[in-house]
Amino acid sequence: MSEATVADTRRLNSKPQDLTDAYGPPSNFLEIDVYDPQTIGVGRNRFTTYEVRMKTNLPIFKMKESCVRRRYSDFEWLKNELERDSKIVVPPLPGKALKRQLPFRGDEGIFEESFIEERRAGLEQFINRIAGHPLAQNERCLHMFLQEESIDRNYIPGKVRQ
């Protein structure tokens, strides 16, 4: 009768954590905040912009900190670009709120504070889910969205080189 092989289940030896490990900067981080919504214009030319602030130490990003203003339509553009050119499953954006855009409403519709805050939170969740995906981090459209002051809609899709 042969002896059964038993897997070695001993723990790996790890070095004890010191204060610089515990309280130092994280090895890799990417933080994106969507905040400070501002409604601009009047009548049919009225829209809301959001500040998108990014901080990172990931080498793939050329700037380690950036802050840009984006509209909902810019988030839609990013989603469409990623769906067309990348192999990742793109999460949904917060809804378009078509009923809130109907005339003769008794409230502010899409410009009501509670709706803007709900949309802001949804946009922040959307951009963090995308930017946290390793494959999306290589997409030129994401870098343009996060780091360029204006979006060049005639850009040539592709990957970012480190």
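For the structure itself, consult the block above.
Residues numbered from 1 in each chain as written. Predicted model: local features only at pLDDT ≥ 70, side-chain atom pairs only at ≥ 80, totals over all residues. Heavy atoms only, no water.

Asker: Which residues make up helix α4 (residues 140–147), and what are the values?
Answerer: Counting buried positions along α4 gives 7 out of 8 residues, so the element sits mostly inside the fold. All of the buried residues in α4 are Cys141, Leu142, His143, Met144, Phe145, Leu146 and Gln147. Contact partners of the buried residues in α4: β1 (30–40), β2 (47–56), β3 (65–71), α2 (72–85) and α3 (113–131). (Buried < 20%, exposed > 50% of the residue type's maximum accessible area, 1.4 Å probe, protein only. Helix = DSSP H or I, 4+ residues; strand = E, 2+ residues; numbered from the N terminus. Contact = heavy atoms within 4.5 Å.)

Asker: If you had to explain the nonpolar core to someone new, which residues and values would you point to?
Answerer: Counting 32 residues, the largest nonpolar core has Val52, Phe75, Leu78, Ile127, Phe145 and Leu146 as its most contacted members. Of all elements in the fold, only β1, β2, α2, α3 and α4 reach the threshold of two or more residues within this core. Considering each element in turn, this core owes the most residues, 6 residues, to α3. (Core = buried A, V, L, I, M, F, W, Y, C linked by side-chain atoms within 4.5 Å.)

Asker: Any details on the side chain of His143? Residues and values, ideally.
Answerer: Position of His143 among the secondary structure elements: in helix α4. Within polar-contact distance, the side chain of His143 engages the backbone oxygen of Gln137 at 2.6 Å. Filtering out sequence-adjacent residues up to four positions away, His143 remains in contact with Ile60, Phe61, Gln137, Glu148 and Val160. (Polar contact = N/O pair within 3.5 Å; in protein donor to acceptor, adjacent residues only side chain to side chain.)

Asker: Account for α2, with residues named and values stated.
Answerer: Taking 1.5 Å per residue as the helical rise, α2 with its 14 residues ought to reach 20 Å, and the 20 Å between its terminal C-alpha atoms agrees with that figure. Every buried residue of α2 is accounted for by Tyr72, Asp74, Phe75, Trp77, Leu78, Lys79, Glu81 and Leu82. Buried positions along α2 lie against β1, β2, β3, α3 and α4. (Expected span 1.5 Å × (residues − 1).)

Asker: So what's going on with unusual backbone geometry? Residues and values would help.
Answerer: Positive phi values are uncommon outside glycine, yet Asp36 reaches one of about 50 degrees. Tracing the sequence through the fold places Asp36 in strand β1. Given the relative accessible area of 34%, Asp36 is considered partly exposed.

These figures capture arrangement, not role.
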